[in-house]
Amino acid sequence: MDPTAAKFIGAGLACFALIGAGIGIGNIFGNYLSGALRNPSAAPGQFTNLLIGFALAEATGLFGLLIALIILFG
Amino acid sequence: MATGAAEGAHGPMHQFEINRLAEFEIFGIDASFTNSSLFMVIGVALIVGFLALATNGRSLVPTRLQSVAELAYEFIANMVRENVGTAGMKYFPFVFTLFSFILAMNMLGMIPYSFTVTSHIIVTFALAALVFVVVTAIGFARHGLGYLKLFVPEGVPFWLMPLIVPIELISYLIRPISLSVRLFANMMAGHTMLKVFAGFVVSLGIFGFAPLLFTIAFTGLEFVVAFLQAFIFTVLTCIYLNDAVNMHH
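This is a predicted model, so every value here is computed, not measured. The numbering scheme is per chain: residues are counted from 1 as the chain's sequence reads. Key to labels: chains lettered from A, ligands numbered from 1, both in the order written. Selection of residues for local features in this predicted model requires a pLDDT of at least 70, selection of side-chain atom pairs for listing and counting requires 80 or more, and totals for whole chains, interfaces and linings are taken over all residues. Excluded from the side-chain calculation are hydrogens and water; included are all heavy atoms of the structure.

> What exactly am I supposed to notice about helix α4 (residues 121-143) of chain B here?
Note that an α-helix has 3.6 residues per turn; residues three or four places apart therefore point the same way. Residue and element names in this part refer to chain B. Between the first and last C-alpha of α4 there are 32 Å, a value that for 23 residues agrees with the 33 Å anticipated at 1.5 Å per step. Only protein chains enter the calculation, and the probe is 1.4 Å; a residue is then buried if its accessible area is under 20% of its type maximum, exposed if over 50%, and partly exposed in between. Helical segments are the DSSP runs of H or I of at least four residues, strand segments are the runs of E of at least two, and each set is numbered from the N terminus. Burial in α4 covers these residues: Val123, Thr124, Leu127, Ala128, Val131, Val135, Thr136, Ile138 and Gly139. In this analysis, two residues are considered to be in contact whenever any of their non-hydrogen atoms come within 4.5 Å of each other. Elements in contact with the buried residues of α4: α1 (35-54), α3 (92-109), α5 (161-173), α6 (175-203) and α7 (209-245). Directly after α4, the chain includes Gly144, whose backbone phi takes a positive value near 60°. Multiplying 1.5 Å by the helix residue count minus one yields the expected span of that helix.

> I keep staring at the interface of chain B and chain A and nothing clicks. Help me out?
In this complex, chain B contributes 20 residues to the contact, which on the side of chain A involves 14 residues. Taking both sides of the interface into account, the surface hidden between chain B and chain A amounts to around 1400 Å²; carbon and sulfur atoms contribute 85%. It is Val181(B), Arg182(B) and Ile232(B) in chain B that bury the most area against chain A; as a group they hold 26% of the surface buried on that side. Any N or O atom pair separated by 3.5 Å or less is treated as a polar contact, with the protein-specific requirement of one donor-capable and one acceptor-capable atom, and with residues adjacent in sequence counted only for side-chain atom pairs. Where chain B touches chain A, the interface holds two residue pairs in polar contact (both at pLDDT 80 or more). Contributions of two or more residues to the side of chain B that touches chain A are made by α6 and α7 of chain B. Broken down by element, the residue count for the side of chain B that touches chain A peaks at nine residues, all from α6(B). The term buried area means the drop in 1.4 Å probe accessible area that two parts suffer when joined, counted for both and summed.

> I would appreciate a short explanation of the nonpolar core in the present structure.
Proteins that are soluble and globular tend to have nonpolar side chains buried together. Working definition of a nonpolar core: buried Ala, Val, Leu, Ile, Met, Phe, Trp, Tyr and Cys residues. They are joined through side-chain atoms within 4.5 Å. Ile76(B), Val135(B), Ile232(B) and Phe233(B) are the most contacted members of the largest nonpolar core, which has 53 residues in total. Listing elements by their share of this core, those giving two or more residues are α3 (47-73) of chain A together with α1, α2 (64-84), α3, α4, α6 and α7 of chain B. Discounting chain neighbours no more than four positions away, the residues touching Ile232(B) are Leu51(A), Phe54(A), Ala55(A) and Arg182(B). Counting nine residues, the second-largest nonpolar core is a separate cluster that includes Leu65(A), Leu66(A), Leu69(A) and Phe16(B).

Worth remembering: the numbers are spatial, not functional.
Following this line, the structure appears as structure tokens:
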């Protein structure tokens, strides 16, 4: 296989990590919303926790994106 | 980057290019004043200028400008109090500086044809490494060698220790990487995506209005992300500070 083509395919494969990040972020916000609709008075107190969970879920996916960028430009 | 055109002056990656504005060399180290440094100076000047102007009057009933500065102060002060407790207010200046610097850098980057300092991993990694070193130093200064107990959670059976301690250690050491990569990747990916979709406006001809609308909506989202990432960086700094200051696991 052409090494350049293999490089691009590898970068694309590394981006698969973002699937997990998408599922995780969707889960967090979906669960927050359903919890917030059940008990709206408790929702604002958990907003910081929501953002922390969002940040942690996103970070794992971004590691994959970072690998892709390293493959492409590194 | 398959085509040569994408590498040109209007490619999506062009906006991240660093240009030397004035060349300096200190003991053989390239310390040139670049466009990145220029935007950092502009950002710091904006923050200092705004806060100096806003707190100039110091009236009991705040003026409009002063109440903006008070809002910013209260926002971060509450964050520190909630996450670290009153013992953490000692470190409030550090946290406030981090927040205002990152926010200013992210927001300056949203101006068309400007430069986003935080879209370079070396900048965000320097910030995250600073947080890591400061937090570790505070932890050891407050608890001495007892700070190492952070890696030994209570209530874990001893035969699990060989597994748990390395995991705790790795999750501690990976903090500067995850902190810096999150900020850098968010800013870089967002700005690249805006540029890529802006490129579609011309190439799609009459249907170019669709990517144009998307770009407008996405610019709004990018402003939210710019604020959110500054906020998340600060909240995580507070949580790490909490580990070092209070140490209950």
